[in-house]
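This is what each chain is made of:
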Amino acid sequence: QVHLVESGGGLVQAGGSLRLSCVVSGSILRINAMGWYRQAPGKQRELVATISDLITNYADFVKGRFTISRDNAKNTVYLQMNSLKPEDTAVYYCNANIRTRLYFTDVYWGQGTQVTVSS
């Protein structure tokens, strides 16, 4: 069974930084892509950043502030968040597209980690 474990969330002041981590474990043949999403109360879950091989993709609202990276040897994806704003406050979810069997690929989610940015 695939398991995604996130860490690194917390409370910071505006302008501060946090680094989120997500470790993937379980019966895995290949991790095709990984990403971060976030969801604030009363809002839909939205894409923050994704990484597939060496290609990265960012939402407009985090460009220049957040950086996604991946350590393939550790099956881990990171999100470095700088210049945080109060509107960044949300639950941040790790996401991975994973092949677990020869003819089966599925999308998996972490439990989420709370990021709170104070004014």
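Structural data are supplied above this passage.
First, a word on what this report is: a plain description of the structure on this page. Everything numeric in this text was worked out from a predicted model, so none of it was measured. (Residues numbered from 1 in each chain as written. Predicted model: local features only at pLDDT ≥ 70, side-chain atom pairs only at ≥ 80, totals over all residues. Heavy atoms only, no water.)

## Description of the packing of aromatic side chains
Here a ring pair, both rings aromatic, is described through the centre-centre distance and the interplanar angle of the planes. In total, this model carries one aromatic pair according to the counting rule given. Ring centres of Tyr37 and Trp109 lie 5.0 Å apart, and the angle between their planes is 65°; this geometry places the pair in the edge-to-face category. Pair noted here: Tyr37 is in strand β4 (residues 30-39) and Trp109 is in strand β10 (residues 104-109), with a separation of 72 residues, a long-range link. Judged by its relative accessible area of 36%, Trp109 is partly exposed. Between the NZ or CZ atom of Arg19 and the centre of the ring of Tyr78, over which it lies, the distance is 4.0 Å. (Phe/Tyr/Trp six-rings, centres within 6.5 Å; stacked < 30°, edge-to-face > 60°. Helix = DSSP H or I, 4+ residues; strand = E, 2+ residues; numbered from the N terminus. Buried < 20%, exposed > 50% of the residue type's maximum accessible area, 1.4 Å probe, protein only. Lys NZ or Arg CZ within 6 Å of the ring centre and 35° of its normal.)

## Let's talk about the pattern of salt bridges
Within the structure shown, the criterion is met by five salt bridges. For Asp60, the salt bridge identified is with Lys63, shortest N-O distance 3.1 Å. Pair check on accessibility: Asp60 and Lys63 agree, each one exposed. Salt bridges sharing partners connect three or more residues here, namely Arg38, Glu46, Arg65 and Asp88. (Salt bridge = Lys/Arg side-chain N within 4 Å of Asp/Glu carboxyl O.)

## Observations regarding the state of the cysteines
This structure, assessed with the given rule, holds one disulfide. Shown here is the disulfide that connects Cys22 with Cys94, its sulfur atoms set 2.1 Å apart. Around the S-S axis, the bridge from Cys22 to Cys94 shows a dihedral of about -85° and counts as left-handed. Remark: Cys94 occurs in strand β9 (residues 90-101) and Cys22 occurs in strand β3 (residues 18-25); sequence separation between them is 72 residues. Residue Cys22 shares its accessibility class with Cys94, and that shared class is buried. (Disulfide = S-S within 2.5 Å.)

Just geometry here; none of it tells us what the structure is for.
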